[in-house]
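# Structure assessment
Next come the chains, spelled out residue by residue.
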Amino acid sequence: MQDTNDLKRIVIEPVTRVEGHGKVTILLDEQNRVKQARLHIVEFRGFERFIQGRPYWEAPVLVQRLCGICPVSHHLAAAKAMDLIVGVDKLTPTAEKIRRLMHYGQMFQSHSLHFFHLASPDLLFGFDAPVAIRNVIGVAAKHPDLAVQGVMMRKYGQEIIKATAGKKIHGTGAIPGGVNKNLSIAERDMFLKDIDQMTEWSRGALKIAKDYTIENLEAVAPFGSFDSNHLSLVRDDGAMDLYHGNLRAIDAQGNKIFDQVDYQNYLEYITEEVRDWSYMKFPFIKSLGPENGWYRVGPLARVNACDFIDTPEAEAARKEFMAVTDGKPNNLTMAYHWARMIETLHSIEKIRELLEDPDLQGSDLVLKGDRRPEGIGLLEAPRGTLFHHYKVNEDDQVVMANLIVSTTSNNEPMNRAVSKVAMDHISGKAEITEGLLNHIEVAIRAYDPCLSCATHALGKMPLVVRLVDHEGNEVAKKST
Amino acid sequence: MDSARRILLIGYGNPGRLDDGLGPALAAVAETWQMEGLTVDADYQLTVEDASDVAANDIVIFADASVNGAEPYFIEKVEPKEALSFSSHSVEPSVLLHMAQTLFQAKTRAYILGIRGYDFNEFGERLSPRAAENLEKAIAYVRLILDDPRLLDMPVEPN
């Protein structure tokens with residue numbers, strides 16, 4: 001084995017246009033051949049300790065501080081766990097539908113932001129396009145209609161969150177056992193007014209993602225791709241359900257590894273491995289072991305794992321998607337974009353369905369039952385399955401919290417994608433251009449990772465790319 | 001305050017990360033003022049949809065914690081900037097202003113109010129004592145500029 005001290009080192013830090021911050025390190029030998037490529041997650045540790053000792057009813061609010069990007073997902077997952085703590089197994093129809101509306105609003109805005117403002121520059125201009133145009137401002141200049149759509153779709157989803165959670169920051173809508181407000185007629189009508197437009201734009205975005213994938217299939221198919229297992233929640237009847245369901249895991253050919261597992265028993269099926277070079281853990285399916293049990297989560301996994309989607313347009317889109325791989329799971333990394341836009345269309349279809357449901361104006365909001373010492377809440381966050389697990393003592397204090405966030409589940413797949421792209425596109429090249437380095441980031445962006453929020457205050461976090469030779473000398477540096 | 005002039009104050013940051021919560025803390029106080037013509041918003045960070053809100057106002061003040069800016073706060077006019085790199089995690093005010101101009105033909109004037117913080121690297125919902133003092137001074141300053149926005153373009157002499 002070659003000593004890594006003899007290798008050149010390329011560092012991309014932090015990865016741009018992903019949520020949070022990450023660093024890619026690529027080790028090259030003297031012939032510029034890639035010997036090792038790794039994604040390091042710059043994760044702030046300590047949240048699970050922070051919440052210990054706090055009253056359980058604060059958890060759905062406190063956990064939003066964990067991440068400024070997907071606070072609603074944490075809010076709802078914690079609330080689902082706390083439902084069980086207060087002895088409530090099934091919410092009132094109004095409470096469940098308000099939470100679902102909040103969740104689909106989150107899904108809609110998050111996927112829209114990712115597609116229009118983070119991913120589309122790569123798809124519209126190419127991975128090698130000059131960095132000066134390969135960004136959201138470039139999209140705004142050349143495709144202002146798309147840039148505006150991205151802004152307005154994101155805003156629509158955010159307004160739904162505000163109406164259901166109370167506000168954008170410190171949302172309090174979901175509480176243990178239910179919700180603290182319903183949706184007024186005025187709020188409902190405000191959202192219905194724009195829903196046709198949102199649906200139309202979602203169809204358009206889906207078409208862009210689908211056409212891009214099919215028209216570039218030859219190039220897209222091998223790009224950062226590999227066979228993998230897939231994990232997601234599915235409904236009792238096998239339908240996609242982003243808010244609630246049972247766990248299903250399938251292998252790369254679509255065979256079920258386990259199915260309809262009550263997620264209260266997740267520890268019997270999923271465990272995590274620590275590796276000395278990364279702060280972030282590596283989850284895997286216990287029965288398959290760490291070598292073969294890693295899996296993907298998120299839009300690609302969900303579309304692959306479900307039997308059908310219960311809204312008509314998204315289901316038609318799913319069938320088209322699955323036809324590309326003859327009904328077998330699609331294992332292409334770049335197919336995440338297409339799957340994500342199927343879910344965007346599904347989300348707006350569900351939002352319409354919910355807005356037309358009079359239960360949203362119901363007044364039966366909260367239930368109570370017998371206190372329990374433990375609760376586990378799972379949901380499908382925009383980036384994948386999110387696990388929240390809490391234990392509470394007799395004084396109502398949280399004494400244990402365990403979270404598995406989507407990006408942790410995708411840790412191994414993202415590392416494999418980085419390795420594959422580095423081997424295929426960088427290895428042996430005499431000159432490592434910015435465009436080549438962007439190939440690495442394109443693969444990571446497909447997963448839409450949330451690399452945990454660091455403080456974002458003014459003056460922090462520039463992008464630094466460093467090339468360091470085997471003696472530790474910096475031979476090139478790029479920063480923006 | 002001239003109510004015909006529309007002013008948006010966005011306080012942003014993560015209140016669960018100590019002094020990173022300075023922006024939202026300022027917004028929380030400003031919201032209680034209930035001033036006509038003033039819209040107050042708070043969020044964990046600036047994101048692209050804020051561009052349409054920026055465009056809907058005459059003046060925007062982005063209030064954020066500052067890691068190494070002047071004490072107790074600084075005010076700085078925002079010039080639109082085409083960002084070469086872009087992260088949705090931290091859309092800079094300058095990029096947001098550029099987006100507002102490009103996408104929504106905004107004529108908005110924008111300013112950053114950077115309130116100096118000191119502790120950022122732990123979870124915790126509290127401001128450090130020095131940051132809390134800086135916040136009080138920033139609040140007094142915002143009251144002044146809301147009464148007379150011309151002060152925004154004048155040198156700051158913090159008390």
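The rules behind each value
- Residues numbered from 1 in each chain as written.
- Chains lettered and ligands numbered in written order.
- Predicted model: local features only at pLDDT ≥ 70, side-chain atom pairs only at ≥ 80, totals over all residues.
- Heavy atoms only, no water.
- Salt bridge = Lys/Arg side-chain N within 4 Å of Asp/Glu carboxyl O.
- Helix = DSSP H or I, 4+ residues; strand = E, 2+ residues; numbered from the N terminus.
- Buried < 20%, exposed > 50% of the residue type's maximum accessible area, 1.4 Å probe, protein only.
- Pairing = 2+ DSSP bridges.
- Axes fitted to C-alpha atoms, helices over the stretch in contact; angles between N-to-C directions.
- Contact = heavy atoms within 4.5 Å.
- Domains from an automatic or database assignment.
- Buried area = accessible area lost by both parts, 1.4 Å probe.
- Polar contact = N/O pair within 3.5 Å; in protein donor to acceptor, adjacent residues only side chain to side chain.
- Phe/Tyr/Trp six-rings, centres within 6.5 Å; stacked < 30°, edge-to-face > 60°.
- Lys NZ or Arg CZ within 6 Å of the ring centre and 35° of its normal.

## A closer look at the pattern of salt bridges
Residues and elements named next belong to chain A.
- Overall, the coordinates contain 39 salt bridges over all chains when judged by the stated rule.
- In this structure, the salt-bridge partner of R100 is E96, at a minimum N-O distance of 2.9 Å. Here R100 pairs with E96, and both are found in helix α4 (residues 93–125), just four residues apart, close to one helical turn.
- With a relative accessible area of 13%, R100 lands in the buried category.
- Judged by its relative accessible area of 22%, E96 is partly exposed.
- One salt bridge connects D307 with R248, and the closest N-O pair in it is separated by 3.0 Å. Pair noted here: D307 is in the loop between α10 (299–305) and α11 (312–323) and R248 is in strand β8 (residues 246–250), with a separation of 59 residues, a long-range link.
- Owing to a relative accessible area of 38%, D307 belongs among the partly exposed residues under this scheme.
- You can call R248 buried: its relative accessible area is 2%.
- What emerges from the salt-bridge pattern is a single network uniting R235, D237, D310, K350 and E353.

## Quick notes on the sheet that holds strand β1 (residues 7–12) of chain B
All names here are of chain B.
- Read across the open sheet, the five strands follow the order β2-β1-β3-β5-β4; overall the sheet is mixed. Among the strands making up the open sheet, the edge pair consists of β2 (38–43) and β4 (73–77). Strand-to-strand, the axes of this sheet are offset by a mean angle of 20 degrees, without reference to chain direction.
- Where β1 meets strand β3 (residues 59–66), five bridges bridge the pair, whose relative direction is parallel. Paired with I7 across the two strands is I59, which belongs to β3.
- Across the face of the sheet, helix α4 (residues 129–147) comes into contact with β1, β2, β3, β4 and β5 (109–116) while running at roughly 155 degrees to β5.

## A closer look at the sheet that holds strand β7 (residues 229–234) of chain A
- On the basis of which strands lie adjacent, the open sheet formed by four strands has the order β9-β8-β7-β12 (chain A) and mixed pairing. In the strand order of this sheet, the two ends are held by β9 (256–261) and β12 (295–296) of chain A, each with one partner.

## Some thoughts on the domain arrangement of chain A
Residues and elements named next belong to chain A.
- Its domain assignment divides chain A into domain 1 (4–45 + 411–446 + 463–479) and domain 2 (48–174 + 186–408).
- On the domain 2 side, the residues contacting the 28 residues of domain 1 number 35 residues.
- Of the roughly 2,900 Å² buried where domain 1 meets domain 2, counting both sides, 56% is carbon and sulfur surface.
- Counting the contacts that link domain 1 with domain 2 gives one salt bridge.
- A salt bridge links D122 to R445, with the nearest nitrogen and oxygen atoms 2.9 Å apart.
- In this assembly, domain 1 and domain 2 are joined by nine residue pairs in polar contact (both at pLDDT 80 or more).
- Put simply, the parts of the chain that give the side of domain 1 that touches domain 2 at least two residues each are β4 (34–41), α14 (411–426) and α15 (434–446).
- Counting residues per element, the side of domain 1 that touches domain 2 draws most heavily on α14, at eleven residues.

## Considerations on the packing of aromatic side chains
- Under the definition given, this model contains eleven aromatic pairs over all chains.
- Summarising the aromatic geometry, the rings of Y266 of chain A and F387 of chain A are spaced 5.3 Å apart at their centres and angled 55 degrees between planes, so their arrangement reads as tilted. Linking Y266 of chain A in the loop between β9 and β10 (270–273) with F387 of chain A in strand β14 (residues 384–392), this pair joins segments that are 121 residues apart in sequence.
- Looking at F387 of chain A, the relative accessible area reads 0%, which means it is buried.
- Ring centres of F321 of chain A and W338 of chain A lie 5.0 Å apart, and the angle between their planes is 75 degrees; this geometry places the pair in the edge-to-face category. Here W338 of chain A lies in helix α12 (residues 335–355) and F321 of chain A lies in helix α11, a separation of 17 residues in the sequence.
- Of the residues examined, W338 of chain A reaches a relative accessible area of 1% and is grouped as buried.
- Put simply, the rings of F108, Y156 and F191 of chain A pair up and form one aromatic cluster.
- K80 of chain A extends its terminal NZ or CZ atom over the ring of Y243 of chain A, reaching a point 4.5 Å from the ring centre.
- The positively charged end of R143 of chain B is found above the aromatic ring belonging to W33 of chain B, 4.7 Å away from the centroid.

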